[in-house]
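Here is what each chain is made of, one letter per residue.
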Amino acid sequence: MPKNPEIKKVLVIGSGPIVIGQAAEFDYAGTQACRSLKEEGIEVVLVNSNPATIMTDKDIADQVYIEPLTVEVVEQIILKEKPDSVLPTLGGQAALNLAMELEEAGFLKENRVRLIGTTPDTIKKAEDRQEFKAAMEKIGEPVAPSAVVTDVSSGIAFTNTIGYPVVLRPAYTLGGSGGGIASNEKELVDILSNGLRLSRVGQVLVERCIAGWKEIEYEVMRDAAGNCITVCNMENLDPVGVHTGDSIVVAPSQTLADKEYQMLRTSALNIISELRITGGCNVQYALNPDSFEYCVIEVNPRVSRSSALASKATGYPIAKVAAKIALGYTLDEIPNAITQKTYASFEPALDYCVVKIPKWPFDKFIHAKRTLTTQMKATGEVMSICTNFEGALMKAIRSLEQNLYSLIYPEFAEMDTEKLKVCLYRVDDRRIFCAAECIRRGIPLEEIHEVTRIDLWFLDKIAVLVEMEQSLKEYPLTPELLREAKRLEYPDRVIAALTGKREEEIRGLRREWGITASYKTVDTCAAEFSASTPYYYSCFDGENEVEPAGTKKKIMVLGSGPIRIGQGIEFDYCSVHSVWAFKDCGYETIIVNNNPETVSTDFDIADKLYFEPLTPEDVESIVDLEKPDGAVVQFGGQTAIKLTEALMKMGVKILGTSAGDVDAAEDRELFDRILEECCIPRPAGDTVFTCEEALAVANRLGYPVLIRPSYVLGGAGMQIAINDQDIREFMAIINRNVQEHPILVDKYLVGREVEVDAVCDGEEILIPGIMEHIERAGIHSGDSISVYPAQSLSGEMKHVIVDYTRKLARALHVKGLINIQFIVHEGEVYVIEVNPRSSRTVPYISKVTGLPIVKLASEVITGRSIQEMGYRPGLWPESEYVAVKMPVFSFEKLRGADIGLGPEMKSTGEVLGIAKTFHEALYKAFLGAGIRLPKTRQMVITVKDADKPEAVEVGRRFKALGYTIFATGGTCRVLNENGVFAIRINKLEQESPNLLELILDHKIDLVIDTPNQGNLRSHDGFLIRRHAIETGVNCLTSLDTANALLTSLESRQEELTPVDIARIG
Amino acid sequence: MKAFLILEDGTVYAGTSIGTAREVISEIVFNTSMAGYLEVLTDPSYAGQAVVMTYPLIGNYGICYEDMESAKPWPDGYIVRELSRRPSNFRSEDSIQHFLEKYDIPGISGIDTRALTKRLREKGTMNGMITTDEKYSLDAVLPKIREYVPSGVVKKVTLKEKKIWPGSGPRVALLDFGAKDNIAQSLNDRGCEVTVYPAETAAEEILAGRPDGIMLSNGPGDPKECTGIIAEIKKIYDSNTPVFAICLGHQLMALATGADTYKMKYGHRGGNHPVKDLETGRVYISSQNHGYVVDMDTLDRNVARASFVNVNDGTNEGLSYIGKPVFTVQFHPEACPGPQDTGFLFDRFLKMMEVNADA
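Residues numbered from 1 in each chain as written. Chains lettered and ligands numbered in written order. Predicted model: local features only at pLDDT ≥ 70, side-chain atom pairs only at ≥ 80, totals over all residues. Heavy atoms only, no water.

The next thing to look at is the overall build of chain B. Each helix and strand in chain B was counted, giving 10 helices and 19 strands. Rg of the C-alpha trace for chain B: 20 Å, near the compact-globule value of 21 Å for 359 residues, within the 12% margin. Dimensions of chain B, computed from the C-alpha atoms along their principal axes, are close to 65 × 45 × 40 Å. Across the 359 residues that make up chain B, the buried fraction comes to 65%. Long-range pairs, those at least 24 residues apart, make up 74% of the contacts in chain B with a sequence separation of at least 6. (Helix = DSSP H or I, 4+ residues; strand = E, 2+ residues; numbered from the N terminus. Rg over C-alpha atoms; globule rule 2.2 N^0.38 Å. Buried < 20%, exposed > 50% of the residue type's maximum accessible area, 1.4 Å probe, protein only. Contact = heavy atoms within 4.5 Å.)

Following this line, the structure appears as structure tokens:
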């Protein structure tokens, strides 16, 4: 069936901000789909509230709306743009939910807009627990005994009929929010009541627990003619019980015989056919490890995280094909982009093994529970490819950038065996390391299997790796042993440590013995057809098949690795744009990255894609083969920056700002000298190594002080200390890991924080705009609301900022991007941080100003000047639009994490509000971030002493908006004394009425709770904030944010005007 | 023990010996299935060939004897990248290492099967030798390797005496040219009584049993070598008995009715080949294992028309005979290993027998 000629203009709905459970994979899917639609001559209108995405670029869609993803806003966009179709299957659960609401309201029909890629009936059948169950029963596909309940008592009643434990899954939530496993009635009541609150429709599925079964997934495609194929199947190393997003996943399945493989494959095809899905679909199974019994866990009737993984694992572009199917094409009409000889209607055959490991934020949230359950906690993931499982696992481990290069985990290595055995029962992110240590201690695999239910095949593979450790320790390093260690992807540094040699010696031996990495192609067909696609992975047991060809100059772009808090999708945006810019300038581009969720690892972005860990050794192997003319590190965040020194040692030229200058910005002494020369003030401070030194500096400066390690991202480990006790605690935490670089102690200044991104050609600078933070300094810039253009700065201040930026950029000889953070304290501008590289704000400032900053920076790197490119140096004229960037958090997913904001970044994503006025932009930003107030008009205020005077005004303004205020002791007294009537409420554990009851009873729509810094943070405050978050109540931890929210609410935005950002600039 | 795979073009791959340490010369073909190694090993169509598995990890789920597609493994040799040392599956009764030894199959592991596959793809199917003799002389062995032609393979694999699968439904005569068990099983599951005949049984004998339908099985080798069988098939064709044929059976029916076959460059072996039903336009993913194909240029359009075509390379995948209750496919609807998507063809055959009985 050819393309439907009636489809000419399509609205594509994006997935909104990055949150746990809905990450960069949808930017990848959306971008690929938009390009696929445009290829067909379709006019594409895009809506997504997330400005850090590539899909919201004007090169990707014809009209781009960075607007809140609400029904009202999307309706307005539809009325304005008049698309004939809406494609909602590429924007995750967010887009699907939105489409359902539009459909249910009758809006689409009224305006003659068709839903393509799916039907309302399909969505309902797949997403509504009851309808799904009915559909599965109809075609005889087993599901675990379950019931949908809408209240706690029927949940208890049903569970009593099937017995504990049970799994709870709230309907219509992403990443399994609010779900869990309950082993007794108390747990059931806890999880169930929470799940009912979080479900959009107040439904929770209570299901027989099949924890311990094998978890298998199939990615299936179907076209409107009914043709179906499976792209790939995947097996979770972690059995059922751990969310697949939190599981180590292997593709293809390893422990399934063809009988089981085909049984589930046939089932998946039956399901996609029954649901009449047109496009991609993911089916998850639980397979009894001791029989052919299976049940369907879940079906996602859309492109998902798993499909992004399947796409990268096989080379089959699921999103692209799904978009073509939505237009009416059948699978046998769509060419396979990799072979160009075959069609989309075939199933990829892999001749390698793929391993995915999630990236968890537990290094950021040290108090969060690390336990893995059916509620996803990972922020991102890495993928690796190798000719054997052991190698793929080893590569994935080092791709995570957690300072681990093998299965040796220091904490477990030091633990006594009895304690270790206890640890094995913990289902958390360290389980595989614990299992490895158990194997090292000689605990039989069967025993480990009994506890973990991890299949013996996987455990044996871990044992192979452990045995290699032993061999390296015990035997002389022969060529055979080294070859085998490399085949298993033991990095040189680990081999060196185990053999008591130096890393350079190992490298030398490898060179001598000819043990070098070879590169193989991912071709979808196991070499059956010749592939034209440059998508490569390394192995040590085969012939190299990659030719470093071409006469063009080659630039290697280092990617940013897994998505984590502090280093998100923004850096992928920068990497991809730099690749495109270098391509335009006539260079051959090579990208190295390991994140399967991103656009940069799509095989048609760079001229060559190496899907590899971003460690010096892995990069060096590529360098040895490709011999690039230069490498660019300034777009890939800290991951790429960290490789600078190693690249230089390999003799690779670092393009753009030199490594020495990057260092100068981080090295306190060097940097202080530069500031002095430029006559630029910075807050007083010093560098220290020990706690004693830190105490001395802090007392000299006077509290409060800011304390942090150097060379970190996202303010990791940064804290505000208000007394000696804090210093001792923080120094102890920082020094838990051996610090190669000094620790910084600075005077903490209260003031306006201002941020600037600039392009510098070594001489001149171009500043797209000055951004101002709503929250006072002390809250990480990534967690602050940021406004462009700065609203409160005088012309003179702006002038100073531009002047400082120019001076610093010149002094640091910046070629490319620089990001500077300033603080305006008592009328004076101070520099607090300089990063001579791309930053988190680059995508957003590019979009609101219309300036292609990454492209300009890339061209500067190739030697062009700002003037040559036709731009006037200095500050770019202010846009007629105001943009407000609002952080978005995923706290509800991370039990035990403190939501109070501070100098360490905690947000996972962001949304943008853009409008002609500040008030409208602010309102849109809050709306986009999911803050829709007022609802009950009842709130709680509980603030630290320092904030009490200011809280009065905040209270007064909320009163004026009709709010009833509840407040705890001290806060209540201050409010009442100042004429703001507040009802006193008891704290958590006290008698009724207490705060907890109010929150849990849904009587509150807002909590303002400002925590004390440092160790004065009370446990009560923590519990209040946690309960608010877990109940879905908005919770603000800074009065500045509260004031901004007030401003937004007071401005009463009745009518919002969507802005097409493709028309800016 | 070291082992070597020597190709007729002189390429040598060094690896480790698996199975029996026995020297063998054979035709080297590759299979891209990611699961189902036991079904591949026990598919009689591999008689006279040595199989390379493109999936690198083989033996993961051990040996589940009930999954065997015939009484024993048939390939002359087995070539893999890595054999799993610890199989894991609830049905596993044995390790693949032991299985290969038990059935005297020589093989080699630890070689770059992808590089080998690329070579076979580029140069076409080649002969090769697996040996553990470290002192091999290329000059001495290459002529021997090049000389090798698989022959007489159908005779080797077919069963010696007829066998009956009891059933209460239609009575099917299955001509065994090297049939996979799941062909008889698929018919039997649908209620058919299946009588399996040796390959060289005379048509008269089969027809004398008054079967409701005749099934021609898959099998190894060059179809044109089976001249005697082709003559018998012509008689079956003329008898107006419903016929359903798979793979070699499909090729033999085409040869019997005047068309020609030719050897493909490297064939189709795996579980991911798309075939299009030309009548409905539907595409199915099929299991395949063939090195020869019907030459559509030689097909008399009055005798048969194409019913299925391979979406990737446009080669013929099925024929429907005009005016006769005969349809044949190149792929394997019985799966095992591979996708079960075209299992409905057995239902079509049952329907055909029913209609024919009513007529």
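Once that is clear, we can look at the sheet that holds strand β4 (residues 85–87) of chain A. All names here are of chain A. Taken in spatial order, the five strands make up an open sheet running β3-β2-β1-β4-β5, and their pairing is parallel. The open sheet terminates on both sides in strands that have one partner only, identified here as β3 (63–65) and β5 (114–115). Pairing of strand β1 (residues 9–13) with β4 involves three bridges; the strand directions are parallel. Its bridge partner being in β4, Val12 is matched across the sheet by Leu87. (Pairing = 2+ DSSP bridges.)

Residue and element names in this part refer to chain A. Counting across every chain of the model gives 30 aromatic pairs over all chains. For the pair Tyr218 and Tyr285, a centre-to-centre distance of 6.0 Å together with 85° between the ring planes defines the contact as edge-to-face. In this pair, Tyr218 is assigned in strand β10 (residues 214–222) and Tyr285 in strand β13 (residues 279–287), connecting sequence segments 67 residues apart. Side by side, Tyr218 and Tyr285 carry an identical accessibility label, which is buried. Following the ring pairs from residue to residue traces out a cluster consisting of Tyr218, Tyr261, Tyr285 and Tyr294. The ring of Tyr28 carries Lys312 above its face, with NZ or CZ at 3.7 Å from the centroid. (Phe/Tyr/Trp six-rings, centres within 6.5 Å; stacked < 30°, edge-to-face > 60°. Lys NZ or Arg CZ within 6 Å of the ring centre and 35° of its normal.)

With that out of the way, let us pick up unusual backbone geometry. Omega for the bond connecting Tyr164 of chain A with Pro165 of chain A falls within 30 degrees of zero, at -5°, which places this linkage in the cis form. Among the secondary structure elements, Pro165 of chain A is positioned in the loop between α7 (152–162) and β7 (166–170). Although it is not a glycine, Cys336 of chain B sits at a positive phi angle of roughly 55°. By the element assignment, Cys336 of chain B lies in the loop between β19 (326–329) and α10 (344–358).

Next up on the list: the pairing of strand β21 (residues 608–611) of chain A. Residues and elements named next belong to chain A. Here β21 shows a buried face lined by Lys608 and Tyr610 and a second buried face lined by Leu609 and Phe611. Relative to β21, strand β18 (residues 535–539) is paired through two bridges, and the arrangement is parallel. Paired with Tyr535 across the two strands is Leu609, which belongs to β21.

All right, on to the pattern of salt bridges then. In this structure the tally under the stated criterion is 103 salt bridges over all chains. The partner of Asp104 of chain B in a salt bridge is Arg22 of chain B, with the nearest N and O atoms 3.3 Å apart. With Asp104 of chain B in the loop between α2 (96–102) and β8 (106–109) and Arg22 of chain B in the loop between β2 (12–19) and β3 (24–31), this pair connects stretches of sequence that are 82 residues apart. With relative accessibility at 32%, the residue Arg22 of chain B sits in the partly exposed group. Within this structure, Asp351, Lys520, Asp523, Asp541 and Glu545 of chain A together with Arg81, Asp112, Arg114 and Lys118 of chain B form a network of salt bridges that share partners. (Salt bridge = Lys/Arg side-chain N within 4 Å of Asp/Glu carboxyl O.)

Residue and element names in this part refer to chain A. Here Trp513 is to be found in helix α20 (residues 503–513). For the pair Trp513 and Ala225, spaced 288 residues apart in the sequence, the C-alpha separation amounts to 56 Å. Every residue in contact with Trp513, bar those within four places of it in the chain, is listed here: Leu477, Thr478, Pro479, Leu482 and Arg483.

What follows is about the interface of chain B and chain A. If you look at the interface, chain B gives 49 residues, while chain A gives 64 residues. Carbon and sulfur atoms make up 46% of the surface buried where chain B meets chain A, a total of about 4,700 Å² over both sides. A per-residue breakdown of the area chain B buries against chain A is headed by Arg86, Phe90 and Arg114 of chain B, which together make up 16% of the total. Across the contact surface, chain B and chain A share 15 salt bridges. Note that Asp67 of chain B is salt-bridged to Lys259 of chain A, the shortest N-O span being 3.8 Å. Run the count over chain B and chain A and you get 33 residue pairs in polar contact (both at pLDDT 80 or more). Of all elements in the fold, only α3 (113–123), β15 (260–277) and β16 (283–295) of chain B reach the threshold of two or more residues within the side of chain B that touches chain A. Per element, the largest residue contribution to the side of chain B that touches chain A is eight residues, and it comes from β15 of chain B. Of the residues belonging to the side of chain B that touches chain A, the class tally is 18 nonpolar, 17 polar and 14 charged. (Buried area = accessible area lost by both parts, 1.4 Å probe. Polar contact = N/O pair within 3.5 Å; in protein donor to acceptor, adjacent residues only side chain to side chain. Nonpolar A, V, L, I, M, F, W, Y, C, P; charged D, E, K, R; others polar.)

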